[in-house]
Amino acid sequence: MLFSDLKKITFGEILLNEDLPVRRFSTDSRMLSGASDEVFIASRGRRDGHDYIKDATTLGIKNFIVEKIPEFINGNFIKVENSIDAFQQIATHHREQFNTPIIGVTGSNGKTTVKEWLSTLLSEKYFVIKNPKSYNSQIGVPLSILEIREMHEVGVFEAGISKVGEMEKLEKIIQPTAGIFTTLGNAHSEGFEHDEQKLREKLELFKHAKKVVYRNDASYSESLAYHLGSKSITWAIHGIADYQVKWESGSIMVNDQSFQSNLDQVVDLENATHAIVMAFYLKVSHDQIQKGLSLIKPVPMRLEFKKAINESFVLDDSYNNDLQGLKVALNYMESHKQKERKTLILSDILQSGKNDRSLYGEVADLLKEKQINRLIGVGSNISTYEEKFSCESLFFNSTDELLENFPDFEKEMIIVKGARDFELERVVKKLEKRTHDTVLEVNFEALQYNLSQYRTLLHPSTKLMVMVKANAYGSGILEIANFLQHQRVDQLGVAYVDEAIQLRENGIHLPIMIMNPQVKGFRDFKRYDLEAEIFGLSHLDQLLSSTQNPPQIHIKIDTGMHRLGFLEAEIPTLIGILKKNPRLKITGVFSHFSSAENHLDDEFTLGQAQKFESIYERIVSALGYRPLKHVCNSSGIVRWPHYHFDMVRLGIGLHGFDPTGQLDLRATSQLKTIISQVRLLKKGETVGYSRKGIVERDSKIAVIPIGYEDGFQRIFGNKRASVLVGNKRCPTIGNICMDMTMIDVTKVEAKEGDEVIIFGDDPKIQDLANWAHTIPYEILTNVSNRVKRVFVWE
């Protein structure tokens, strides 16, 4: 799609300097990538997005949808009456390009859990797309819908509203073919006159849906039946319903089918039942549902207990705020007796279903009951009712005001509880006591995007193996394998048996091929249902002599890589052995392109492919059946579609690196740390071991807690690499130490605690690879295991 096409969709006025392709959209200036195909949606909200257009242009953004065109800024602009409405129109247009069946989920509570659990069950049969996290708002829904692609077989999207008229907009975007109504409760009640109006508004999501699942013995089920009529699919524990349900210890009985689960809370059992009934409607089998149920876990409360400044502790619930959640958090605080003094930092409670006077009176009684010593209120609503609180109190109209007038904290328990709009995570960051702050962030959304880019290149019948060897290229083998299993890839590949055993012992049930199995590991293959690569005559002989019940194997053919594999001259002997040993089950026959990305080696690659095809047919002729045939790696997937055969093997491409340069992939990892210390040095002074860093002018030097033990190689010292501080590159100075690195921050505003990006969007991993005269693989896999991995959905 070109930027000019958006004019036809939004009916806006266009100012066009250069008609560029567009593939991504952002409504948050802080999340902009700077890519030329990105569109910034500038809207008026709590913050006016138009104020950030200039900053966006400095990042490289050229495309904007706006409500007013700024002066003296070059770019492509579409002017509309309402930017969010225009964004929703774009998402609606995108949705209409697909016939994908979509399940809509709404209600007062449990939407995110039901969405996540239903997606898990459906993933046993279908390729599923869903909202990330709880992206269920007027902005979150279109952002999610825009990710639908041809390969998706079913979608699960939740929708949340807080006032009249919102669901009508979301229905046009999602266009659900079926739905689930979770519950009707007090959440989000302030935007509606009464519960019946709220119910009708939520049911707008199912205006054109064929069927809707709900619980028939709830207090509001009569109203649901009245409005939904023949669309209803009901379940109940008591009374008549389409599905009779019984909950017993460790099991969920739906009609005559029993499912085992590890759920014991009523709310979890209810959410799981919604998902099971919808899975039945979508023709998911009992065994598939059971397998999915074994993978789900209760959605954890977002409470994080952390060490804080001045011998204090902080209980972080800074992304969520409601009265019931406050009670839970205060109860949790009571269970931690480390500090007697207790402080609550609380924002306005925005969605309670109560009037403010009654609400904050109830909060005041709760704080008295829990013996809270101090309240720090943030927001205009809570500040209005200052007189209701009997404990020591401080009030601020905004988070910025609190941060500018930060109170003292010492030897106390601090709970931070806030609505998302107040961004109280900034308060937590200031409170938190920092330890080793070097962290590798791995972005699941970027991984999903990259995976989708490769999947679009494959024929529907072509299987996809993804390599997770070397700790999933340094990203974290268990987390990445779980992600890939959820994404329904066909197979995983690892280097060694112990990697596969680790996966099996942590719930990974996908087929796994071992690339370099050793003889002593063969005894574990049958036990853990693993597949072995066999790469030579002696290797095959060792397998046959070590067990009477050999595992499934993939035969590796050396067609020119000359690393592992059977040479062409050995094929007759191999075929003879295979004929004499029919107990061998050959799952696959494969080879490996040595330089599929390099145009200069195309003749060699073509020769490899032709040799492989010839040898494969000779083996097949002897076997009498056709094992999986696979040869393409990440580069081969892109450049050699004719040789995708039965399966391809995706490796480094998943992590954002396309050696061919033809795909637009996203960086999946960001290695970051903080500044430990800043000091001023005079010209002529030296820095680091062996005095290699010579200060050439009066300078400001910062120390960051990362060294070659963490994977920041020694070659990066002495200006051969740079890191990002405050959006500016800062070079290293002196030798890299085992645990520390010194950088020159003379040209930036820098202080202790400031974030430092080692690699991410800037510098990129490819930059570090260039500086070290190596490849991105080595940079990623060198990140030490002592560096904490954090997995995020943005």
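If you're wondering where the values come from, they're calculated on a predicted model, not measured in any experiment.

A word on the overall build of the protein chain
Okay, step 1: When you go through the protein chain residue by residue, the secondary structure sums to 26 helices and 39 strands.
Okay, step 2: Taking 28 Å as the expected radius of gyration for a compact globule of 794 residues, we find that the protein chain reaches 29 Å, a close match to that expectation.
Okay, step 3: With the principal axes as the frame, the protein chain shows a C-alpha extent of 90 × 85 × 60 Å.
Okay, step 4: Of all 794 residues assigned to the protein chain, the portion counted as buried reaches 55%.

A few points about helix H6 (residues 166-174)
Okay, step 1: Of all the positions in H6, only Glu 166, Met 167, Leu 170, Glu 171, Ile 173 and Ile 174 are classed as buried. Down the axis, H6 shows its buried residues gathered within 165° of arc, on one side only.
Okay, step 2: Buried residues along H6 sit against helix H3 (83-95), strand S6 (102-106), helix H5 (140-145), strand S8 (154-158) and helix H7 (195-203).
Okay, step 3: Following H6 by one or two positions, Gln 175 has its phi on the positive side, about 50°.

Here we look at unusual backbone geometry
Okay, step 1: A cis amide bond links Asp 762 to the next residue, Pro 763, at an omega of -10°.
Okay, step 2: With respect to the element layout, Pro 763 can be found in the loop between strand S38 (755-759) and helix H25 (765-771).
Okay, step 3: Of note in this structure, Asn 471 is not a glycine but carries a positive phi near 55°.
Okay, step 4: Within the secondary structure layout, Asn 471 lies in helix H17 (residues 469-473).
Okay, step 5: A positive phi angle, near 55°, is found at His 773, a position not held by glycine.
Okay, step 6: Assessed through its relative accessible area of 70%, His 773 is described here as exposed.

What about the sheet that holds strand S7 (residues 128-130)?
Okay, step 1: Strand order in the open sheet made by the nine strands is S7-S8-S6-S9-S10-S11-S12-S13-S14, with mixed pairing throughout. Each end of this open sheet is capped by a strand with a single partner; those strands are S7 and strand S14 (257-260). Ignoring strand direction, the axes of neighbouring strands in this sheet form an average angle of 20°.
Okay, step 2: Here S6 runs beside strand S9 (residues 178-181); their pairing, made up of four bridges, is parallel. Along S9, the bridge assignment pairs Thr 106 with Phe 181.
Okay, step 3: Helix-sheet contacts for helix H8 (residues 221-228) involve S9, strand S10 (211-215) and strand S11 (232-236), and the interaxial angle to S10 is about 170°.

Some remarks on helix H4 (residues 111-122)
A turn of α-helix holds 3.6 residues, and therefore any two residues three or four places apart point the same way.
Okay, step 1: Compared with the 16 Å implied by 1.5 Å per residue over twelve residues, the 16 Å span of H4 between its first and last C-alpha is a close match.
Okay, step 2: For H4, a buried count of ten out of twelve residues is recorded, marking the element as mostly surrounded by other parts of the structure.
Okay, step 3: Within the sequence span of H4, burial applies to Lys 111, Thr 113, Val 114, Lys 115, Trp 117, Leu 118, Ser 119, Thr 120, Leu 121 and Leu 122.

So, the packing of helix H16 (residues 444-455) against helix H18 (residues 477-486)
Okay, step 1: The interhelical angle for the contact between H16 and H18, taken along N-to-C directions, is 50°, at an axis separation of 11 Å. By the angle between their axes, H16 is oblique relative to H18. For the crossing formed where H16 meets H18, the hand is right-handed. For the pair formed by H16 and H18, the contact residues are Phe 444, Leu 447, Gln 448 and Leu 451 on the first element and Glu 479, Ile 480, Phe 483 and Leu 484 on the second.

Things to note about the environment of Val 266
Okay, step 1: Within the element layout of this structure, Val 266 appears in helix H9 (residues 266-281).
Okay, step 2: Judged by relative accessible area, Val 266 falls into the exposed class, the value being 53%.
Okay, step 3: In this structure the C-alpha to C-alpha distance between Val 266 and Glu 166, which are 100 residues apart in sequence, comes to 30 Å.

Details of the packing of aromatic side chains
Okay, step 1: Inspection of every chain in the model, using the stated rule, returns 19 aromatic pairs.
Okay, step 2: With a centroid separation of 6.0 Å and an interplanar angle of 55°, the aromatic rings of Tyr 473 and Tyr 777 are classed as tilted. One end of the pair, Tyr 473, is in helix H17; the other, Tyr 777, is in helix H26 (residues 776-781), with 304 residues separating them in the sequence.
Okay, step 3: Here Tyr 473 falls in the buried class, since its relative accessible area comes to 7%.
Okay, step 4: For Tyr 777, a relative accessible area of 34% corresponds to the partly exposed category.
Okay, step 5: Aromatic ring contacts, followed pair by pair, group Phe 593, Phe 612, Tyr 616, Trp 640, Tyr 643 and Phe 645 into a single cluster.
Okay, step 6: Its end group placed over the ring of Phe 406, Lys 430 keeps NZ or CZ at 4.7 Å from the ring centre.

Observations concerning the sheet that holds strand S4 (residues 63-66)
Okay, step 1: Spatially, S1-S5-S4-S3-S2 is the arrangement adopted by the five strands of the open sheet, whose pairing is mixed. Each edge of the open sheet carries a strand with a single partner, namely strand S1 (13-15) and strand S2 (24-26). Sheet twist, expressed as the average angle between the axes of neighbouring strands with direction ignored, equals 20°.
Okay, step 2: Sitting on the sheet, H3 touches S2, strand S3 (38-41) and S4, and the angle it makes with S4 is about 120°.

Comments concerning the pattern of salt bridges
Okay, step 1: On inspection of all chains with the given rule, the structure shows 31 salt bridges.
Okay, step 2: With its nearest N and O atoms 2.8 Å apart, the salt bridge here joins Asp 664 to Arg 24. With a gap of 640 residues between them, Asp 664 in the loop between strand S29 (647-650) and strand S30 (669-674) and Arg 24 in strand S2 connect regions that are remote in the sequence.
Okay, step 3: Asp 664 gets classed as partly exposed once you look at its relative accessible area, which sits at 30%.
Okay, step 4: Judged by relative accessible area, Arg 24 falls into the buried class, the value being 12%.
Okay, step 5: Between Arg 729 and Asp 762 there is a salt bridge; the shortest N-O distance is 2.7 Å.

As for the nonpolar core
Okay, step 1: Judged by nonpolar contacts, the single largest core of 103 residues is most densely connected at Leu 484, Leu 492 and Val 725.
Okay, step 2: Of all the elements, helix H23 (residues 602-623) adds the most residues to this core, at six residues.
Okay, step 3: Excluding anything up to four places from it in sequence, Val 725 contacts Ile 675, Cys 730, Ile 743, Val 745, Val 748, Ala 750, Glu 755 and Val 756.
Okay, step 4: Counting 42 residues, the second-largest nonpolar core is a separate cluster that includes Ala 86, Ala 159, Leu 184 and Leu 205.

Quick notes on the pairing of strand S22 (residues 463-467)
Okay, step 1: Of all five residues making up S22, four are buried, and the element is well covered by its neighbours.
Okay, step 2: Judged from the three bridges that link them, S22 and strand S23 (residues 491-494) form a sheet pairing that is parallel. In the sheet register, Met 467 faces S23, and the bridge partner there is Gly 493.

Quick look at the state of the cysteines
Okay, step 1: Here the structure, examined in full by the defined rule, presents zero disulfides.
Okay, step 2: Cys 730 supplies the cysteine sulfur nearest to Cys 737, a cysteine that is in no disulfide, at a spacing of 18 Å.
Okay, step 3: When its relative accessible area of 12% is taken as the criterion, Cys 737 is described as buried.

Points about the confidence of the model for the protein chain
Okay, step 1: For the protein chain, mean pLDDT is 89; residues scoring 70 or higher make up 93% of the total.
Okay, step 2: Across the protein chain, S9 holds the top mean pLDDT of 98, while strand S15 (residues 304-308) sits lowest at 62.

The rules we used
- Residues numbered from 1 in each chain as written.
- Predicted model: local features only at pLDDT ≥ 70, side-chain atom pairs only at ≥ 80, totals over all residues.
- Heavy atoms only, no water.
- Helix = DSSP H or I, 4+ residues; strand = E, 2+ residues; numbered from the N terminus.
- Rg over C-alpha atoms; globule rule 2.2 N^0.38 Å.
- Buried < 20%, exposed > 50% of the residue type's maximum accessible area, 1.4 Å probe, protein only.
- Arc of directions from axis to C-beta.
- Contact = heavy atoms within 4.5 Å.
- Pairing = 2+ DSSP bridges.
- Axes fitted to C-alpha atoms, helices over the stretch in contact; angles between N-to-C directions.
- Expected span 1.5 Å × (residues − 1).
- Parallel < 35°, antiparallel > 145°, perpendicular 65-115°, else oblique.
- Left-handed = near helix turned anticlockwise from the far one by under 90°.
- Phe/Tyr/Trp six-rings, centres within 6.5 Å; stacked < 30°, edge-to-face > 60°.
- Lys NZ or Arg CZ within 6 Å of the ring centre and 35° of its normal.
- Salt bridge = Lys/Arg side-chain N within 4 Å of Asp/Glu carboxyl O.
- Core = buried A, V, L, I, M, F, W, Y, C linked by side-chain atoms within 4.5 Å.
- Disulfide = S-S within 2.5 Å.
- pLDDT = per-residue confidence, 0-100.

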